[in-house]
Amino acid sequence: MHTLELLAPARDLECGIAAVDSGADAVYIGASHFGARAAAGNSIDDIRTLCDYAHKFGVKVHVTVNTIIYDNELEKTMSLIRELEKAGVDAFLVQDMGLLSRIRQEGIAVSLHASTQCDSRTAEKVKWLSSKGFDRVVLARELSAEEIAAIHKAVPDTELEVFVHGALCVSYSGVCYASQYCFGRSANRGECAQFCRLKFDLKDSDGRTIEHQRHLLSLKDMCQIDNIEALCKAGATAFKIEGRLKDASYVKNVVAAYSQRLNEIVENHPSEYVRESYGRVTYKFTPDLKKTFNRGYTTYFLNGRQPDIFSPDTPKALGEFVGHVKEIRHDSFNVAGTATFANGDGLCFINEEHELEGFRVNRAVGNRLYPFKMPHGLKAGMALYRNNDQNFEHAISGKSSERKIPVEMTFSTTDNGFSLTINSCLHNKRTQNTPNSVSATAEVEFEHQEAKKPQHDNIIRQLSKLGTTVFQAKEIKVSNGADTFFIPSSVLSDLRRMAVEKFDEAFTDAVNEKDIVITAKSSAGHEKVWQREYNDFPYLYNISNKAAVKFYEEEGIDTVRPALELRPTTRPLIMQCRHCLRYSLGFCVRRGGKRPSWHEPLFLQLADGRRFRLEFKCDECQMNIYAE
């Protein structure tokens, strides 16, 4: 039985609860410090509240503590870890091996996940991380389904987490130093300044400009909604949605879309797959990924190298294509297409200078649109996109979904009163989906008096009033002739309340039973784990504290040196990318592209004149970027 987990981002408590309500099996959230999105921090109290709410459905809460840690921060980080353990979190995402060592030493009983910042792209690396005590590894976004399957085959007992939706980093995560080098803001410290979304000139070694002021490193957003089953078959356990800086509307829409897709897979393969958490979700809207922030979608490298992964005209959200501009008047224009529009819609287009222009619709009359101010660059025939849909935003605002646990209730007589038993039959993930019954019974003393009028309908009506609880009566049975006796509604209400309280406690305990054992095994052959660049550029180990130094020395690594953030170097390797500009611009000779006329090496150049040398490692199908 393959357990499937939909893992949703939470910028804050509101987003976390929205994720749970929309069908997530797990939520990842940042604490007050040391997460790879420094702008998305949350208090211990909020995380505790999220845990309490999520655990009612068996939904897990993962906390990101995935930056590199400096020596003067390690004790503060461990204090935070202890508080989060008490708050009830289920997993920590970790990058820093010094922090890993401290967590292991203290025996913190929380699952450990190797962050994507650990740069896990090979079976050898995943096997090594598993041997160090990680029970899950977040794989590099760049891997294909075939590569993921090979890793799963090599390390079948390690959970594999894969990104399925959202923004893409152009560099392998954990191996990007561009923001630190250019702006003093370390991506490994959660302060990425999005160097990859900037404009560049592409120049050759003779100074000839090949591309002028384009977003050559800016990728489209990932969308694997149509490839989830392929990822299941490849051995992925968790399907991660990017977006810890996104708002609740994004979370609701994307989680709903992927949750429904996972449910379809489970329904089609009931003997193979089961969801990680519990509850049925009803939605007041129809999810549509085109309506949510996106730069255009790509499946990235899941099915091999593709030519359309980057978005060189703009790093901003395009949204959904809604048609072409048809006729333009002085204050309005009409659109050729089938889309409908509303007052307040946000539209955009790519102008003749390859720039994104956006505007608001002041008034929509059918397909004729009256902007508040006519955009200067709009021309007949241009493609038009909608990046803000007023009707959809209205539908998704407020309480847009509800999640309930279906239960069976049995009302019966006792010797001196009545009883109510609440039961739910859960899948038991530890025993290959063997039914696991959770039940609780409450009793009340009340004299058995023959009823003068029918009681059955009132009994059903009163017991089904589960109100604001997370439970929903799937079936209510009346046994032993209990409906032949008179019983006041107030007594039924008290009996229901007592039974629900007992069942709530039993259910939460059953679905959140923890069995965390942190182990560390010996690992030989570390030279197989990392690419050879780690020997040439030892700062790629991201070592930032004495505990990490000791960790790697015990691993037998003799090229230990501090992270780039602590010891800058000249002309460093600042990015490793699977994205290749040669290929994306149509000049990969190995794959049938045109033969270039330029002289290499090529350089990316910012408007302020700073240059970055490109190295095309065709034997590894990789592009490296060096600061000059």
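Because the structure is predicted, anything quoted here is derived from the model rather than measured.

Engineer: Teacher, can you tell me more about the overall build of the protein here?
Structural biologist: Looking only at helices and strands, one finds 15 helices and 29 strands in the protein. Scaling as 2.2 N^0.38, a compact globule of 628 residues should have a C-alpha radius of gyration of about 25 Å, and the protein matches this with 28 Å. Once the C-alpha set of the protein is aligned to its principal axes, its extents read approximately 100 × 75 × 40 Å. Residues classed as buried in the protein amount to 56% of the 628 residues present. Across the protein, the fraction of contacts at a sequence separation of at least 24, relative to all contacts at a separation of at least 6, is 72%. For the protein, the exposed surface amounts to about 26,900 Å²; the carbon and sulfur share of it is 46%. Of the side-chain charges in the protein, 80 are positive and 83 negative, and the distance between the mean point of each set is 4 Å.

Engineer: I would appreciate a short explanation of the sheet that holds strand β19 (residues 356–365) in the present structure.
Structural biologist: Taken in spatial order, the 6 strands line up as β16-β17-β20-β19-β18-β21 and close into a barrel, and their pairing is antiparallel. Here the average twist between neighbouring strands, direction ignored, is 50°.

Engineer: How should I be thinking about the pairing of strand β5 (residues 111–114) in this particular structure?
Structural biologist: When a strand is regular, its side chains alternate between the sheet's two faces. Of the two faces of β5, the one lined by Ser111 and His113 and the one lined by Leu112 and Ala114 are each fully buried. As defined by bridge partners, strand β4 (residues 91–94) adjoins β5 across 4 bridges and the pair is classed as parallel. Residue pairing for β5: Val94 is matched across the bridge by Ala114. Considered for its hand, the β-α-β crossover made up of β4, helix α4 (residues 97–106) and β5 is right-handed. Here 2 bridges tie β5 to strand β6 (residues 136–138), and the two strands are oriented parallel to one another. The partner of His113 across the bridge, within β6, is Arg136. For the crossover from β5 across helix α5 (residues 123–131) to β6, the handedness is right-handed.

Engineer: Sorry, what's going on with the pattern of salt bridges here?
Structural biologist: Close approach of charged atoms lets side chains of opposite charge pair. Here the structure, examined in full by the defined rule, presents 40 salt bridges. In this structure, Arg214 engages Asp313 in a salt bridge whose closest nitrogen and oxygen atoms are separated by 2.9 Å. Separated by 99 residues along the polypeptide, Arg214 in strand β10 (residues 209–214) and Asp313 in the loop between β15 (297–298) and β16 (320–328) bring together distant segments of the chain. Residue class for Arg214 comes out buried when judged on its relative accessible area of 17%. Owing to a relative accessible area of 21%, Asp313 belongs among the partly exposed residues under this scheme. We note a salt bridge from Arg261 to Glu229, for which the minimum N-O separation is 3.7 Å. With Arg261 in helix α9 (residues 248–268) and Glu229 in helix α8 (residues 228–234), this residue pair connects regions lying 32 residues apart in the sequence. The same class applies to Arg261 as to Glu229, namely buried. Put simply, Glu5, Arg136, Glu159, Glu161 and Lys240 are held in one network by salt bridges that share partners.

Engineer: What should I look at first to understand the environment of Leu216 in this one?
Structural biologist: For Leu216, the position within the fold is in the loop between β10 and β11 (221–223). Separated by 18 residues in the primary sequence, Leu216 and Leu198 have C-alpha atoms spaced 8.1 Å apart. Those residues in contact with Leu216 that sit more than four places away from it in its chain are Leu198, Phe200, Leu202, Glu211, Phe310, His579, Leu581 and Leu604.

Engineer: How should unusual backbone geometry be read in this particular structure?
Structural biologist: For residues other than glycine, phi is negative in most cases, and the peptide bonds are mostly trans. Put simply, Glu600 and Pro601 share a cis peptide bond, and its omega is 10°. Along the polypeptide, Pro601 turns up in the loop between α15 (581–584) and β27 (603–605). For Gln213, which is not a glycine, the phi torsion comes out positive at approximately 45°. Considering the arrangement of structural elements, one finds Gln213 in strand β10.

Engineer: Explain the confidence of the model for the protein to me, please; I cannot follow it from the model alone.
Structural biologist: Do not read the fine detail of predicted coordinates wherever pLDDT is low. Looking at the protein as a whole, the pLDDT averages 93, with 95% of positions reaching at least 70. In the predicted structure, residues 524–528 sits below a pLDDT of 50 and forms 4 contacts with residues beyond four places in sequence or in another chain.

Engineer: Any chance you could explain the environment of Ser79 here in plain terms?
Structural biologist: Structurally, Ser79 is set in helix α3 (residues 74–87). Residue class for Ser79 comes out partly exposed when judged on its relative accessible area of 32%. Sequence separation between Ser79 and His33 is 46 residues, and the spatial gap between their C-alpha atoms is 11 Å.

Engineer: For this particular structure, what's the right way to read the packing of α4 against helix α14 (residues 546–554)?
Structural biologist: The angle between the axes and the distance between the axes are what describe a pair of packed helices. For the pair α4 and α14, the least separation of the axes is 7 Å and the interaxial angle reads 90°. Here α4 is positioned roughly perpendicular relative to α14, judged by the angle of their axes. Listed contacts from α14 to Met97, Gly98, Leu100, Ser101 and Arg104 of α4 are Ala547, Ala548, Phe551 and Tyr552. Residue classes in the contact of α4 with α14 are distributed as 6 nonpolar, 2 polar and 1 charged.

Engineer: Honestly, the sheet that holds strand β9 (residues 200–203) in this entry has me stumped. Any pointers?
Structural biologist: On the basis of which strands lie adjacent, the open sheet formed by 7 strands has the order β8-β26-β29-β28-β27-β9-β10 and antiparallel pairing. Two strands in the sheet have a free side with no partner beyond their single neighbour: β8 (171–176) and β10. The average angle at which neighbouring strand axes cross in this sheet is 25°, direction not considered.

Engineer: Is there a simple way to think about the packing of α3 against α4 in this case?
Structural biologist: Across the interface, α3 lies against α4 with an axial gap of 11 Å and an inter-helix angle of 50°. Here α3 is positioned oblique relative to α4, judged by the angle of their axes. As for how α3 packs across α4, the hand of that crossing is right-handed. Two secondary-structure elements touch here, α3 through Leu74, Glu75, Thr77, Met78, Ile81 and Arg82 and α4 through Leu99, Arg102, Ile103 and Glu106.

Engineer: Teacher, can you tell me more about the pairing of strand β3 (residues 60–65) here?
Structural biologist: Burial runs high along β3: 5 of the 6 residues are buried. For strand β2 (residues 26–30) and β3, the ladder comprises 5 bridges, and the chain directions are parallel. Bridge pairing in β3 links Val27 to Val61. Relative to β4, β3 runs parallel, the two being bridged by 4 bridges. Note that in β4 the partner of Thr64 across the bridge is Leu93.

The rules behind the values
- Sequence order as written defines residue numbering, which begins from 1 separately in each chain.
- Per-residue local features of the predicted model are confined to residues with pLDDT of at least 70, and side-chain atom pairs are confined, for both listing and counting, to 80 or more; whole-chain, interface and lining totals are unaffected and use all residues.
- The basis for every side-chain value is the complete set of heavy atoms in the structure, and neither hydrogens nor water enter the calculation.
- Runs of H or I in DSSP of at least four residues are treated as helices and runs of E of at least two as strands, each being numbered from the N terminus.
- With C-alpha atoms as the basis for the radius of gyration, the globule rule is written as 2.2 Å multiplied by the number of residues raised to the power 0.38.
- The buried label goes to any residue with under 20% of its type's maximum accessible area, the exposed label to any with over 50%, and the partly exposed label to all in between, with areas taken from a 1.4 Å probe on protein chains only.
- By definition, residues are in contact when any of their heavy atoms lie within 4.5 Å.
- To be clear on the numbers: accessible area is Shrake-Rupley with a 1.4 Å probe, and residue cover counts the displayed protein chains and nothing else.
- For this count, His and the chain ends are skipped, Lys and Arg are scored as positive, and Asp and Glu as negative.
- A charge is said to be at NZ when it belongs to Lys, at CZ for Arg, at CG for Asp and at CD for Glu.
- Each pair of strands is called paired provided DSSP finds at least two bridges between the two strands.
- Every axis corresponds to a line fitted to the C-alpha atoms, with the helix fit spanning only the stretch in contact, and the corresponding angles, defined between N-to-C directions, vary from 0 to 180 degrees.
- By the criterion used throughout, a crossover qualifies as right-handed when its path from the first strand across the helix to the second strand runs clockwise, the strands pointing away from the viewer.
- Think of a salt bridge as a Lys or Arg side-chain nitrogen and an Asp or Glu carboxyl oxygen that are within 4 Å of each other.
- By definition, pLDDT measures how confident the predictor is in each residue, and it falls between 0 and 100.
- The labels follow the angle: roughly parallel below 35 degrees, roughly antiparallel above 145, roughly perpendicular from 65 to 115, and oblique for the rest.
- Here the term charged refers only to Asp, Glu, Lys and Arg, the term nonpolar to Ala, Val, Leu, Ile, Met, Phe, Trp, Tyr, Cys and Pro, and the term polar to all other amino acids, Gly among them.
- Helix crossings are classified by the rotation of the near helix relative to the far one: an anticlockwise turn of less than a right angle makes the crossing left-handed, while a clockwise turn makes it right-handed.

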